[in-house]
Amino acid sequence: MDQLIIHHAIVHELKKQPEMAEASLLLSSEALPITEQAIELIGRLDEIFERKSDLLQGFLVEPDEGLFPAYYQNWLEEGRSRQPFIAFSSHAMSVLKDKLEGVVGAKGGYLLFADYTMEEQRILGIYMIRNAEGMIFEEEGEDPALKLRTTAYLDIQNMAMAARLLAGPGRNVQMIRHARTQSSISQYFTDWVGIDRAETSAELTQSFLEMVEELPVPKDRETGFAMNEGDFEKALVKYAAKAPQQTIRVQDFDEHFYGNEKPLQEMLADQESPIDQGFRVDRKALRNQFYLRAGVGGISITCTKDHFRNGQVHVDEATGKITINSEELASLLLDQYGI
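As the structure is a computational prediction, the values presented were derived from the model and not from experiment.

Rules and cut-offs
Residues numbered from 1 in each chain as written. Predicted model: local features only at pLDDT ≥ 70, side-chain atom pairs only at ≥ 80, totals over all residues. Heavy atoms only, no water. Helix = DSSP H or I, 4+ residues; strand = E, 2+ residues; numbered from the N terminus. Buried < 20%, exposed > 50% of the residue type's maximum accessible area, 1.4 Å probe, protein only. Contact = heavy atoms within 4.5 Å. Lys, Arg positive; Asp, Glu negative; His and termini not counted. Salt bridge = Lys/Arg side-chain N within 4 Å of Asp/Glu carboxyl O. Polar contact = N/O pair within 3.5 Å; in protein donor to acceptor, adjacent residues only side chain to side chain. Arc of directions from axis to C-beta. Axes fitted to C-alpha atoms, helices over the stretch in contact; angles between N-to-C directions. Parallel < 35°, antiparallel > 145°, perpendicular 65-115°, else oblique. Left-handed = near helix turned anticlockwise from the far one by under 90°. Nonpolar A, V, L, I, M, F, W, Y, C, P; charged D, E, K, R; others polar.

(A) Molecular detail of the side chain of Ser201. For Ser201, the location among the structural elements is in helix 5 (residues 201-212). Judged by relative accessible area, which is 0%, Ser201 ranks as buried. Excluding residues within four positions of it along the chain, Ser201 makes contact with Ser53, Asp54, Leu55, Gln57, Arg280, Val281 and Asp282.

Following this line, the structure appears as structure tokens:
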């Protein structure tokens, strides 16, 4: 957690039963003390959020288009300080309560508002979490024996809903959504925050990859010669994995691969694109673009597009035959087969 700095944090409770239409609030009047427990909790919530592959991403709507964006803007203008932070979170909770009332099937939970910096990125995280029941062993009485009892704990692994608002340029709203079968229930959360031009990480990543395919292959920094396509693809996957907050920004991409040249920025200047100010990459969608996997009837194969290009893997569409040219792989199979 060395890269995590917590500036402010507060938790409120939104009370509502799924079968009821009414909702109520339990608002905290003081911010949470920044203890080791608070640091661990927020760090783990951010980490779980980071592991989510397909987020809804977009821009916060203008302050005159929603109450949450208006309260958020007021807090920013007041310097992200503590007392305005507490007021912002309380006002935002009142708006959320109004959004939730009447939504049958939806239930409440604890809303943790956290203003923090992770890897030099300032973030407002809003995490909805709930209690869950579990069991623990504990000593009881003077007898040297352990007893089993139930207890309640914060179920942070199954985060109900969450949103992160990133400071600076780019698609500044990232949101975890429920499964599609629950989208009608969780829509109130999306409407509460107010997200414009929303697209999934997978959609944005696919748009990015389609544009990259039209770019010239960059030069290798060590040799000065153009990379081959396979090396560029590997470098691109590695670059995305190491990008801060897994966010690719067009300017940083051009600088990393092309130095002083700006091919992607120049391409985007001629068209309206949702990726122009950066986006959270979907690593699964990125890998699937270059790493191919197939399996039928107990036979499976994993390879890259580069294996096709250099002739190591060939598919005859007419006959349905797959040819793999690899003496080493053949030897390994034959050794196991016993020949």
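(B) Quick peek at the side chain of Asp155. Inspection of the secondary structure assignment puts Asp155 in the loop between strand 7 (146-154) and strand 8 (161-166). As a buried residue without a salt bridge, Asp155 has its nearest oppositely charged side chain in Arg130, at a separation of 8.1 Å. Within the local environment of Asp155, its side chain forms a polar contact with the side chain of Asn158, the two groups lying 3.1 Å apart. Other than its neighbours up to four places away in sequence, Asp155 contacts Arg130 and Ala132.

(C) The arrangement of helix 9 (residues 283-290) in detail. Buried within helix 9 we find Ala285, Leu286, Gln289 and Phe290. Buried residues of helix 9, seen end-on, are gathered within an arc of 125° and therefore sit on one face of the element. Packing partners of the buried residues in helix 9 comprise helix 5, helix 6 (229-242), strand 13 (291-296), strand 14 (299-304) and helix 10 (305-309). Near the N-terminus of helix 9, the side chain that reaches the backbone nitrogen of Lys284, with its oxygen 3.0 Å away, is that of Asp282.

(D) Broad picture of the environment of Val11. Its place among the elements puts Val11 in strand 1 (residues 4-15). Distance in space between the C-alpha atoms of Val11 and Leu55 is 23 Å, their sequence separation being 44 residues. Here Val11 is in contact with Ser28, Leu32, Tyr110, Leu111 and Leu112, once residues within four sequence places are set aside.

(E) Expanded view of the packing of helix 6 against helix 7 (residues 250-258). Interaxial distance between helix 6 and helix 7 falls to 12 Å at its minimum, and their mutual angle equals 135°. Between helix 6 and helix 7, the crossing angle belongs to the class labelled oblique. When you trace helix 6 past helix 7, the crossing you get is right-handed. Only Asp252, Phe253, His256, Phe257 and Tyr258 of helix 7 make contact with helix 6, whose side of the interface consists of Phe232, Ala235, Leu236 and Tyr239. Split by residue class, the contact of helix 6 with helix 7 holds seven nonpolar, one polar and one charged.

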